[in-house]
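# Survey of secondary and tertiary structure
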Protein chains: 2
Amino acid sequence: MDKFMQAAIEEAQKGLAEGGVPIGSVLVHNGKIIGRGHNRRVQSGSPILHGEMDAFADAGRQPASVYKECVIYTTLSPCCMCSGAIELYGIPHVIVGENQTFMGAEERLRMAGVKVDVLQDPTCIELMTTFIAEKPELWFEDIGE
Amino acid sequence: MDKFMQAAIEEAQKGLAEGGVPIGSVLVHNGKIIGRGHNRRVQSGSPILHGEMDAFADAGRQPASVYKECVIYTTLSPCCMCSGAIELYGIPHVIVGENQTFMGAEERLRMAGVKVDVLQDPTCIELMTTFIAEKPELWFEDIGE
C-alpha cells in the first residue's frame, strides 16, 4: 500500500471514529505531506469540508508554484466541488482510492489535463460501503441528494 | 439595487476593510438570507474560503430540498471551485455582480442547467479593479495563478 494512500485512509478512519463521513485526503508536495484532512460535515457542521477541501485548508496558502508540483490523494472519487478546487489550483495529479461507490468529476478533471489514477482499494471500498449502508441519509446529504 | 446584491457587496466591503480579497456572497432561500460570507483567504489563511464557499459554510448543513429553492448572489463570477459547490448542492440560480474582471465557470454552470444572470454592477467592477491594481499578487494567488 502506498504510504500516502495509507495516510488518507487513516484520515478517513479518524473521521469515522468521530461519527463523520469516512473520506480522507492528503496533499503531497515533493514526497512530503503538506496538508491532511477528512470530511468534517458532522464534526464542524460545514457542507464545504469534504476530505479534499479539508486537506487544502490544512495546507494553508500555497503559491501556484507549489500546487503545480503536488499530488492529491483521496479515498473517494472527488465530487464536482473538490474537483473544482483541484482544477483551480492546478494540481496535476489525483490518486483516487476508489470510484465504485461514488463516481465524481473524474472525466472533467481529465479533460482539464489532470492525471487521475484510481486504485479500487478494498479498504476504501469497504469504508464507504459500510458507511452508506449504515447512514444513507448522511451520505446523500453529503453529495447534495 | 437588489437588496441581496447589496448585502453581497457589503460583505465584499467588509472583506476589503479587513485587508482581504473584496468578494462577497449571500445564499438566499425563499426571500431570506440563510448564509452570508466573504473571501477570507487573508483573514483565515484558507485557500478554500472564497466568498461563495464562506456563505455556504455560514448557512451550515442544509437539506437538498432547501438548496434546490435557493438563489446565490456573488459579487464576482464564480471560479470552478465555487461553481462546483453550486453544482454539487443543486443551487438553481446564480446572480453575479460582474464578470468583466474575472470570468469564472459560468458556461459550465449553464450547461449543468443553472440559471446565471450577470448584472455588470459598477460598484462590483470598481471593487475588483481597484483591488487587482493594488494587490495583484494576492489576487493571482486567489485564482491559483
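Summary of the structure given here. A quick note: this is a predicted structure, and the numbers were derived from the prediction, not measured. (Residues numbered from 1 in each chain as written. Chains lettered and ligands numbered in written order. Predicted model: local features only at pLDDT ≥ 70, side-chain atom pairs only at ≥ 80, totals over all residues. Heavy atoms only, no water.)

### Looking at the packing of helix α3 (residues 51-59) of chain A against helix α5 (residues 80-88) of chain A
For the record, the criterion: Every axis corresponds to a line fitted to the C-alpha atoms, with the helix fit spanning only the stretch in contact, and the corresponding angles, defined between N-to-C directions, vary from 0 to 180 degrees. Helix and strand assignments come from DSSP, with helices taken as H or I runs of at least 4 residues and strands as E runs of at least 2, each series counted from the N terminus. Throughout, a residue-residue contact means that at least one pair of heavy atoms, one from each residue, lies within 4.5 Å.
Running from N to C, α3 of chain A and α5 of chain A point in directions that differ by 35°, and their axes come no closer than 8 Å. On α5 of chain A, the residues that touch E52, M53 and F56 of chain A of α3 of chain A are M81, C82, A85 and I86 of chain A.

### Structural notes on the sheet that holds strand β2 (residues 32-38) of chain B
All names here are of chain B. Definition in use: By definition, two strands form a pair when at least two bridges between them are found by DSSP.
Taken in spatial order, the 5 strands line up as β2-β1-β3-β4-β5 in an open sheet, and their pairing is mixed. Whereas interior strands pair on both sides, the edge strands pair on one side only; in this sheet they are β2 and β5 (115-118). The average angle at which neighbouring strand axes cross in this sheet is 15°, direction not considered. Sheet topology places strand β1 (residues 24-29) next to β2; 6 bridges connect them, and they run antiparallel. By the bridge assignment, V26 is partnered in β2 with R36. In the packing of helix α3 (residues 51-59) onto the sheet, the strands contacted are β1, β2 and β3 (70-74), and the crossing angle to β2 comes to about 130°.

### What about the sheet that holds strand β4 (residues 93-96) of chain A?
Residue and element names in this part refer to chain A. Sheet architecture is open: 5 strands sit in the order β2-β1-β3-β4-β5, paired in mixed fashion. The outermost strands of the open sheet, each flanked by one partner alone, are β2 (32-38) and β5 (115-118). Neighbour-to-neighbour, the strand axes of this sheet turn through a mean angle of 15°, independent of strand direction. Where β4 lies against β5, 4 bridges are found, and the strand directions are parallel.

### With respect to the relation of the copies chain A and chain B
The criterion, for reference: In superposing the copies, a least-squares fit is computed on C-alpha atoms, taking residues whose pLDDT is at least 70 in both.
Placing chain A over chain B gives an RMSD of 0.0 Å and needs a rotation angle of 180°, together with 0.0 Å of translation along the axis. Such a turn and shift between the copies fits a two-fold axis. The share of interface residues of chain A whose copies in chain B are also at the interface is 100%, consistent with both copies meeting through the same surface.

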